[in-house]
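For reference, the chains in residue letters:
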Amino acid sequence: MRYSALSILRNGFARQLGWTSAWRFPKPKAHYDVIIVGGGGHGLATAHYLAKEHGITNVAVLEKGYIGSGNVGRNTTIIRSNYLLPGNNPFYELSLKLWEGLEQDLNFNAMVSQRGVINLFHTDAQRDAYIRRGNAMRLHGVDAELLDRAKVQSMMPFMDFDNARFPIKGGLMQRRGGTVRHDAVAWGYARAADKRGVDIIQDCEVTGIRRENGRVVGVDTSQGFIGCNKLGLAAAGNSSRVAEMADLKLPIESHVLQAFVSEGLKPFLDTVVVYGAGHFYISQSDKGGLVFGGDIDGYNSYAQRGNLAIVEHVAEAGIAMIPALSRVRYLRSWGGVMDMSMDGSPIIDRTPIDNLYLNAGWCYGGFKATPASGFCFAHLLARGEPHPTTTAMRLDRFERGYAIDERGYGPQPNLH
Amino acid sequence: MASLITCPHCGQRPKEEFAIKGAALARPAPDAPQGEWYDYVFLRTNPRGRYEEYWHHVSGCRRWLVVTRDTASHAVEDCRDAAERAPT
Ligand SMILES: Cc1cc2nc3c(=O)[nH]c(=O)nc-3n(C[C@H](O)[C@H](O)[C@H](O)COP(=O)(O)OP(=O)(O)OC[C@H]3O[C@@H](n4cnc5c(N)ncnc54)[C@H](O)[C@@H]3O)c2cc1C
Ligand SMILES: [Zn+2]
């Protein structure tokens, strides 16, 4: 069923009984052209673009829980393309362009809201670094705007501009950045892929990767063996565990990141703001809750929950930036397990096994990448060669000395 | 994770006193082949379960420790001085 104003009217007059399920719940077939492991945003987007851009529809997405139960439904929903390095920037800009047309493409309201993203700076050195980043963005054709203190103050007078340690001296703004309703992204891609014939199989955990003569022939799952010609891994925080089934050791550690929502407030903050001092970022959802987060907990973890020390740390950073937050109560907090790579940048590449493909290492920034990640991974799966925007995101880049290290921290995943 | 960690030198101390460095891997010999160094610096087994990692008791004795911890339950099994660690 196509969603439209007319369909809402028609069903409104028919006591809302005409709505049908947004996707099917099929039993797995014996064999698929392509199997994708992981029904998160990236896996579902890959299936959609495989069907839409490459006409490959005999595809299954295998998800061990329910779709949206992973990071795609746990993130703080920020999208942006304000990257510095040439290996990253064109890819994230492609993603932002895809976000801009996503709702029409999927016929699904993902609440894409280009409310702007501002990164604050507190010192002259930080300002210079942001000027450099802004210039790099503009050279790539991406919008970037430097705001001085007065401008930021006129937009958000409630921030602590004269904090003794971290005075706010301005910010770098990308107006086309913003937020997207994260669950709707999973649902929208699932519905669109399903409509083109993709089987989305939930409650189906991949437990083994079967190989014959050095090629993948299929996967063992909690619903039995399923054969395939090509296998794509998009298991986010569980990438290492899935890759291990094919004897691959990845340049990845799994870490937990927490997110928080406050009680609902009246409209207060109409953009996304990132504190330059304590890695704190905040926006306000349409329901009124403040959505915010900070640093990762800093230790390897497969538990989707974090520690109180970070809860406190994030609150402190938030109050340093917006003192009024001290009066606001936390409503909920949760954690997600992310695949932190050795340079903080992702991997979309072939593997040493001929028909096994890898999409991993998204760290805490993979939500904004969802459309482009799906688009480029589908390209790789269909054509066997990387999309032009992902030629730097190779699995063997560390061995060759071509890390894409935006922050310059080196191979220390808990610092990226 | 447990809020209290038993440092072999300082006894039970709050977790916040420690900084976690990450995987406690055995360092290859300086002249080991490139491949071995690549593996050591960049690749991780990243297990779900028992894991050995280097912790620094920053706000205590300032010794480097090896903590054995479960990455799914976060339970801490063991904590000893890095110098006493059996060579692997
Ligand atoms: C708290 C938090 C905040 C974040 N904030 C942002 C943000 O503001 N902006 C941004 O860009 N990014 C953000 N991220 C990062 C982003 O959410 C992730 O990088 C991205 O969602 C990962 O891709 P995915 O959606 O495919 O992952 P997931 O949704 O995690 O999908 C992976 C799926 O694989 C499944 N799976 C794993 N193993 C198996 C198996 N063996 N068999 C079958 N299925 C399996 C999992 O169940 C899961 O559903 C945040 C992450 C967290 C945790
Ligand atoms: Zn000590």
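All values reported here derive from a predicted model rather than from experimental measurement. (Residues numbered from 1 in each chain as written. Chains lettered and ligands numbered in written order. Predicted model: local features only at pLDDT ≥ 70, side-chain atom pairs only at ≥ 80, totals over all residues. Heavy atoms only, no water.)

### Overview of the overall build of chain A
Broken down by element type, chain A carries 10 helices and 18 strands. Its C-alpha radius of gyration of 21 Å places chain A within 12% of the 22 Å reference for a compact globule of 416 residues. Buried residues in chain A amount to 57% of all 416 residues. Of all intrachain contacts in chain A linking residues separated by at least 6 positions in sequence, the fraction that spans at least 24 positions is 74%. Mean positive and mean negative side-chain charge positions of chain A (45 and 40 charges, respectively) differ by 5 Å. (Helix = DSSP H or I, 4+ residues; strand = E, 2+ residues; numbered from the N terminus. Rg over C-alpha atoms; globule rule 2.2 N^0.38 Å. Buried < 20%, exposed > 50% of the residue type's maximum accessible area, 1.4 Å probe, protein only. Contact = heavy atoms within 4.5 Å. Lys, Arg positive; Asp, Glu negative; His and termini not counted. Charge placed at Lys NZ, Arg CZ, Asp CG, Glu CD.)

### Considerations on the packing of helix α2 (residues 41-54) of chain A against helix α9 (residues 370-383) of chain A
Each pair of packed helices can be described by the angle between their axes along with the distance between the axes. Residues and elements named next belong to chain A. Viewed as axis vectors pointing N to C, α2 and α9 meet at an angle of 55°, and their least axial separation amounts to 7 Å. When the axis of α2 is compared with that of α9, the two are oblique. Crossing angle aside, the handedness with which α2 passes α9 is right-handed. Across the interface between the two elements, G41, H42, A45, T46, Y49, L50, E53 and H54 from α2 touch T370, P371, S373, G374, F375, F377, A378, H379, L381, A382 and R383 from α9. (Axes fitted to C-alpha atoms, helices over the stretch in contact; angles between N-to-C directions. Parallel < 35°, antiparallel > 145°, perpendicular 65-115°, else oblique. Left-handed = near helix turned anticlockwise from the far one by under 90°.)

### What about the interface of chain B and chain A?
Of the residues lining the interface, 22 residues belong to chain B; the matching set on chain A comes to 24 residues. A combined buried area of about 2100 Å² lies between chain B and chain A, and 49% of that area is made up of carbon and sulfur atoms. The interface formed by chain B and chain A contains two salt bridges. Salt-bridge contacts for K249(A) lead to D39(B); the nearest nitrogen and oxygen are separated by 2.8 Å. Here chain B is connected to chain A by 14 residue pairs in polar contact (both at pLDDT 80 or more). Breaking the side of chain B that touches chain A down by element, the ones donating at least two residues are β3 (19-23), α1 (34-42) and β4 (50-56) of chain B. Split into classes, the residues belonging to the side of chain B that touches chain A amount to nine nonpolar, five polar and eight charged. (Buried area = accessible area lost by both parts, 1.4 Å probe. Salt bridge = Lys/Arg side-chain N within 4 Å of Asp/Glu carboxyl O. Polar contact = N/O pair within 3.5 Å; in protein donor to acceptor, adjacent residues only side chain to side chain. Nonpolar A, V, L, I, M, F, W, Y, C, P; charged D, E, K, R; others polar.)

### Some thoughts on the packing of aromatic side chains
Residue and element names in this part refer to chain A. Enumeration according to the criterion identifies 20 aromatic pairs over all chains in this entry. When the centroid spacing of 5.7 Å and the interplanar angle of 45° are considered together, the rings of F280 and F292 count as tilted. Within this pair, whereas F280 is found in strand β14 (residues 280-284), its partner F292 is found in strand β15 (residues 289-293), the two being separated by 12 residues in sequence. Note on accessibility: F280 and F292 belong to one class, buried. An aromatic cluster is present here, built from Y83, F91, Y92 and W362 joined pairwise through their rings. One residue, R191, lies across the ring of Y3, its end atom 3.7 Å from the ring centre. Seen from the ring of Y302, R241 lies directly overhead, with NZ or CZ sitting 5.9 Å from the centre. (Phe/Tyr/Trp six-rings, centres within 6.5 Å; stacked < 30°, edge-to-face > 60°. Lys NZ or Arg CZ within 6 Å of the ring centre and 35° of its normal.)

### A look at the sheet that holds strand β5 (residues 145-148) of chain A
All names here are of chain A. The mixed open sheet is built from eight strands, whose spatial order is β5-β6-β4-β13-β14-β15-β12-β16. Because the sheet does not close on itself, it has two edges, and the strands there are β5 and β16 (330-341). Neighbour to neighbour, the strand axes of the sheet diverge by 20° on average, direction disregarded. Across four bridges, β5 lies against strand β6 (residues 170-174) in antiparallel orientation. Residue pairing in the sheet places D148 in a bridge with G170 of β6. Helix α4 (residues 124-139) contacts β4 (117-121), β5 and β6 of the sheet and is inclined by roughly 150° relative to β4. Sheet strands touched by helix α8 (residues 308-321): β4, β12 (252-264), β13 (272-275), β14, β15 and β16. Its angle to β14, the strand with the most contacts, is close to 70°. (Pairing = 2+ DSSP bridges.)

### Some details on the sheet that holds β4(B)
All names here are of chain B. Ordered by their spatial adjacency, four strands build an open sheet running β3-β4-β5-β6, and the pairing between neighbours is antiparallel. Either end of the sheet is taken by a strand with one partner, and the two such strands are β3 and β6 (76-81). Each adjacent strand pair in this sheet contributes to an overall mean axis angle of 30°, direction not counted. Here β3 pairs with β4 via four bridges, running antiparallel. Considered in β4, the bridge of I20 is made with W55.

### Some thoughts on the site of ligand 1
Residue and element names in this part refer to chain A. Taken together, 37 residues are adjacent to ligand 1, and E63, N71, T76, Y364 and K368 come closest. The contact in question runs from an oxygen atom of ligand 1 to an N or O atom on the side chain of N75, over 3.5 Å. Those elements giving two or more residues to the shell around ligand 1 turn out to be α2, β12 and β16. (Near = heavy atom within 4 Å.)

### Notes on the coordination of the zinc ion (ligand 2)
All names here are of chain B. Summarising the metal site, the zinc ion (ligand 2) is bound by the protein donors C7 (SG), C10 (SG), H57 (ND1) and C61 (SG), whose distances to it range over 2.0 to 2.4 Å. Of note is the zinc ion (ligand 2), whose four donor atoms meet at the metal with angles of 105 to 117° in an arrangement that counts as tetrahedral. Motif for the zinc ion (ligand 2), donor spacing along one chain: C-x2-C-x46-H-x3-C. (Donors = N, O, S within 2.8 Å, 3.2 Å for Na, K, Ca; no water. Tetrahedral: all angles 85-135°; square planar, octahedral: opposite > 155°, others 65-115°.)

### Digging into the packing of helix α3 (residues 89-106) of chain A against α9(A)
Residue and element names in this part refer to chain A. Relative to each other, α3 and α9 sit at 105°, their axes nearing to 7 Å. Taken together, α3 and α9 sit at an angle that is classed as roughly perpendicular. The residues of α9 that touch α3, namely those facing F91, L94, S95, L98 and W99, are T370, P371, A372, S373, F375 and C376. Considering only residue class, the contact of α3 with α9 consists of eight nonpolar, three polar and no charged.

### Looking at unusual backbone geometry
For D247(A), which is not a glycine, the phi torsion comes out positive at approximately 60°. Examined against the element boundaries, D247(A) turns out to sit in the loop between α7 (239-244) and β12. Despite not being glycine, R62(B) shows a phi value in the positive range, around 65°. Topologically, R62(B) is positioned in the loop between β4 and β5 (64-70).

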